[in-house]
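Structure assessment
As a plain string of letters, each chain reads:
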Amino acid sequence: MKFHNAAGIRDAVKKTGKRYESMDNLIAGCQVISFDWRYVYLNSTAIRHARKSRKELLGRTMMDAYPGIEKTEMFRHVRRCMEKRAFHRMENSFTYQDGSEGWFLLNMEPVSEGLLVVSQDITAQKRMEMALHESEDKYRTLVESSPEAITILDRKGAILFLNKKSASRFGASPAKITGKRIWEYIPKKAAAFSESMLREIIRTGESREIVSPVSIGGSTRFFRITLSPVKSKEGKFNSVLVISSDITEIKKSEQRIMNLNRLYSMLSDSNQAIVRFRDMGRIAREICRIIVRDSGMKMAWLGLHDPAHNIIKPIAHFGVDPAYLKSIKISPQETATMRVPIKAAFLTGKPFVCNDWSTARYMRPWGAAGAKYTYRSSASVPILKNGKSIGTLNIYSAAPGFFDDEIMGLVQDLASDISFAFEKAKDEQQRRSVENTLRGARRRLEAIINNTPDVAIESYDMNGKVLSWNRAAEKIFGWKKEDAIGKNIGRLILGRHSAALFIKDLRRINAGGKPFPPTEWEFKRKDGTMGWVYSTIFSVPASVSSKEFVCMDVDITERRKIEKALRESEAKYSSVVENSSDAIAILQDNVFKFANRALSQLGGYPLDQIIGKPISFAVVPGFRHITDSKYRNRVKRGGPTEKYVIPVKRKDGVLINVELFSKIIKYDGRNADLIIVRDITERRRLDDLMRNYTLKLESEVNARTSEVLQEKRRVEELSAVKDQFIRDISHELKTPLSVIMGNLSLLRDIFPIGKEKEWASLLNLLDRNTARLEKSINQMLQLSKLQKVELQRTRVLLNELVEEVYKEYLPLSEIKSITLSIDAEPVLMLGDGDLLRLAIGNLVSNAIKFTSRGSVSVRLRGDAHSATIAVTDTGIGISEKNQKKLFLEFFKVDPIAPGTGIGLSIAKEIVKKHGGTIRVKSKLGEGSTFEITLPRGVQT
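For the structure given in this document, a descriptive report is provided here.

Calculation criteria
Residues numbered from 1 in each chain as written. Predicted model: local features only at pLDDT ≥ 70, side-chain atom pairs only at ≥ 80, totals over all residues. Heavy atoms only, no water. Axes fitted to C-alpha atoms, helices over the stretch in contact; angles between N-to-C directions. Helix = DSSP H or I, 4+ residues; strand = E, 2+ residues; numbered from the N terminus. Parallel < 35°, antiparallel > 145°, perpendicular 65-115°, else oblique. Contact = heavy atoms within 4.5 Å. Pairing = 2+ DSSP bridges. 1 Å grid on protein atoms, 1.4 Å probe; cavity = no way out; pocket = protein on both sides within 12 Å on 5 of 7 lines; lining within 4 Å. Points joined across faces, edges and corners; volume = space filled by probe spheres on them. Phe/Tyr/Trp six-rings, centres within 6.5 Å; stacked < 30°, edge-to-face > 60°. Buried < 20%, exposed > 50% of the residue type's maximum accessible area, 1.4 Å probe, protein only. Lys NZ or Arg CZ within 6 Å of the ring centre and 35° of its normal. Left-handed = near helix turned anticlockwise from the far one by under 90°. Nonpolar A, V, L, I, M, F, W, Y, C, P; charged D, E, K, R; others polar.

Things to note about the packing of helix H11 (residues 280–295) against helix H15 (residues 405–423)
The relative placement of two packed helices is expressed as an angle between their axes plus a distance between the axes. Look at H11 against H15: their axes get within 11 Å of each other, and the N-to-C directions meet at 170°. On the basis of their axis angle, the class for H11 and H15 is roughly antiparallel. Touching Met-280, Ile-287 and Ile-291 of H11 are Leu-414, Ile-418, Ala-421 and Phe-422, all from H15.

Regarding the pairing of strand S12 (residues 311–318)
Here strand S11 (residues 299–306) pairs with S12 via 7 bridges, running antiparallel. Looking across to S12, one finds that Gly-303 is bridged to Pro-314.

As for empty space enclosed by the protein
Where empty space is left in the structure can be found by rolling a water-sized probe over the atoms. A complete count under the given rule lists 7 cavities of 30 Å³ or more for this structure. By volume, the largest cavity is sized at about 310 Å³. Contributing to the lining of the largest cavity are 21 residues, with Gln-31, Tyr-39, Tyr-66, Met-74 and Phe-94 lying nearest its centre. Elements supplying a minimum of two residues to the lining of the largest cavity: strand S1 (29–34), strand S2 (39–42), helix H2 (44–50), helix H5 (73–84), strand S3 (88–95), strand S4 (101–111) and strand S5 (114–121).

Some words on the packing of aromatic side chains
Within the structure shown, the criterion is met by 13 aromatic pairs. Arranged with centres 6.1 Å apart and planes meeting at 75°, the rings of Phe-352 and Tyr-362 form a pair that is edge-to-face. One end of the pair, Phe-352, is in strand S13 (residues 352–354); the other, Tyr-362, is in the loop between S13 and helix H14 (367–373), with 10 residues separating them in the sequence. Overall, Phe-352 belongs to the buried group, its relative accessible area being 16%. Taking 5.3 Å as the distance between ring centres and 75° as the angle between the ring planes, the aromatic pair formed by Tyr-460 and Phe-502 counts as edge-to-face. One end of the pair, Tyr-460, is in strand S16 (residues 456–460); the other, Phe-502, is in helix H20 (residues 496–512), with 42 residues separating them in the sequence. Classification of Tyr-460 by relative accessible area gives buried; the value is 1%. Three or more aromatic residues joined by ring pairs make a cluster, and in this case those are Trp-357, Tyr-373, Tyr-375 and Tyr-396. Across the ring face of Trp-103, the terminal group of Lys-126 is positioned such that the distance to the ring centre comes to 4.8 Å.

With respect to the sheet that holds S3
In spatial order, the strands read S2-S1-S5-S4-S3; together these 5 strands make up an open sheet with antiparallel pairing. Single-partner strands in this sheet number two, and they are S2 and S3. This sheet shows a mean twist of 25° between the axes of neighbouring strands, independent of strand direction. The pairing of S1 with S2 spans 3 bridges and is classified as antiparallel. Bridge pairing in S2 links Ile-33 to Tyr-39. H5 rests against S1, S3, S4 and S5 of the sheet, and its axis sits at about 10° to S4.

Quick word on the packing of helix H27 (residues 833–849) against helix H29 (residues 903–913)
For the pair H27 and H29, the least separation of the axes is 9 Å and the interaxial angle reads 145°. Here H27 runs over H29; the crossing is left-handed. Residues Leu-835, Leu-836, Leu-838, Ala-839, Asn-842, Leu-843 and Asn-846 of H27 touch H29, and the partners they reach there are Gly-903, Leu-904, Ile-906, Ala-907 and Ile-910. In terms of residue class, the contact of H27 with H29 is made up of 9 nonpolar, 3 polar and no charged.

Focus on unusual backbone geometry
Phi at Asn-310 is positive, roughly 55°, even though this residue is not glycine. Among the structural elements, Asn-310 can be located in the loop between S11 and S12. One non-glycine residue with positive phi stands out, namely Thr-374, at about 55°. Here Thr-374 is to be found in the loop between H14 and strand S14 (377–385).

Some points on the sheet that holds strand S27 (residues 819–824)
Pairing within the open sheet is mixed, and its 5 strands lie in the order S27-S29-S30-S32-S31. Each edge of the sheet is formed by a strand with only one pairing partner; in this case those strands are S27 and strand S31 (917–923). Sheet twist, expressed as the mean angle between neighbouring strand axes with direction ignored, is 10°. In the packing of H27 onto the sheet, contacts are made with S27, strand S29 (855–862), strand S30 (866–873), S31 and strand S32 (927–935), and the angle to S30 comes to roughly 20°. Contacting S31 and S32, H29 crosses the sheet at an angle of about 25° to S32.

What follows is the structure in structure tokens.
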């Protein structure tokens, strides 16, 4: 449609508008574009989509209305549809003058005036899809980048999800470990406790937090594990979120500080005993008792050299079985066993440490005793008098590697104090030495505390006033040491209420004498921002009249943020989906696991009647295989978004057409199908109306032409088939008839008595050809009747049927010296036993007919849904060219071979009636295999 003046344009617009005025009230936008790209019709919805007035568009070209549109992808498809007169559908994004963006589903279809474009606004859907993607990407980024191991378990302990950090701890990839039960990866002793805790958390809906030691590679590491119940879409607790943090270094720091603090207390108490008592025997006994009591050692004893017996004789001990000391006979004499700790310390005058009894060869004589009393490391320090060894102080620990340089420094200080007590029991210099030792130990302890990274260590008095503040505390809380010392904790980092609880905890620790279990506290930094710490509190003696409380804090603010972000992401996702106008559902194992209100409204079913049902319950029966096969394919290959249309039945019985957008996602750690469903019944009706309207005349002409051509082809094909059939059946009937007639003539010639053998031979030949003639006629009758016969579906044991066929054709195979064998497992199905026996018999008969030597085998196998029968021979084989025509009626590979050529076509028709398939695999000269696959139609 070309226009040459304004009047022509107005007339065309008026005529086109009148023709399409029935579309004015459609919810979809409709616009008609002429062959010279002018708008000649737009309904109200199209005007609204364009955000322009009707005057700005009607009669104008697309290029005038939208400058630059000819350079767009959309215009390229419009031009192609206009020129090729072809239909096209696409999604198109459009940017308006105000910068906002809209999305439209466009259907372009040729009409007599030019091109009809039907547009549907899908902006809301696109925005929702982008919001869903953003939410999921944010959630995945947060979880995968988390420094903590994050795992989700179901109520049976199966791993539904784990991030990379968690997978690395198990030493496997996420894909390999997902779905397996966590009990396979933790010690058996912990598995029972963990399983009961998991059940308790799901039952009560309460979170739990534990600190657990784990043996990894021969060493022990500590993990802080937070277990939080997770609600399903139905509001029930059905899984647990596990966040695990490696706090080994924190624990080591805590343990180290506690060990040093206890040793410091031991050193202080021991020196007080040295000052308080005068008798060295009592001092020695008191020191051994203090060492075991204050430092947590397993055993301590002090021995002096006995010159008379030349042994180091114990004079005081604590925490030891006396029988063990009696078994120790250590001579300070230099020998090959010089490396024995006690002997080496005495002879060299220097401390000697064995930090692992299990690996030190020189400790083997005491290995059994060490295992019995759990001695894992020990230290021996010489006791000196005037610079000469007079004995040793010997300390034993249950922890390997306990005696490092700093701890040995304190032990040596203690040994020096003991040595000094032996020399100057009442001398004032002794007290100064002790005081210097105490100051040195305190300096070392303060240096360790102040330089411990990432662990804030502070100390407070009974009223919460700050006494000490290390560098890590400055970093975490933002207050410098000089600003914090002397201030109350309530003014620094805790509010009034939290500060009161903190002081209450201090008094509980003071009353009970036990450290307070690790607790999470919310605090305020100097700059006013809030954070969270994981805190441990214990007491140490500051002086005779007061107590000092040490608090060790680890910043867990980032971990709390991740947990909050996860909860917010889940809430946002739920809100978007629940309030969406589109019907949204999640399928897993082809069963509804989730559905929103819009899906309930679309189908008319309450949500409780949808969840747990297969998708096929609402799909029209003839289309259920489509949804099932598409779902299996998507899950198998994890493919991209797929769109297709199926009919469904509402609860009220009304049939509607819906369009499904589906995509594979992860749900509860497994593949699931996210689907968006839209009712397109009205749209399909309008599409059909437009298509029928524009193609009506062409369809009628094409239909009539097609009928004439089909009739002509059918007549030609029937003529060719008839001619071939007449030739084949004439040959098939004439051959046995000729034999019969010829032999009857011979019988007349040899009628006289004495020709009985010749008679018998000729009669046998007559019998065989009569049977051949009867078989040919029966096969033609079977083929004729098979088109009309109805299946008699009964329960059929295929293995018994196969055995009957085997017995029927066994004599024929023996005549040809061919091995006939069967391998049939029991298979029950619904079908027509007589027809199935005929189909299998035709395959076995053909196999024997075209096999001159070797074997024919029949194999039957079945699974839950189908049965497979394979007939394999070692015969002449079939060429690829002949395989394509093998199942045609009256076709024979060898034209001169006996038979009508309809046996295989009968077999195929029987299999087809049973809903099965038949196929052939063959190579010329190497034999053939015919395989039938049948649906069982019965549950096993």
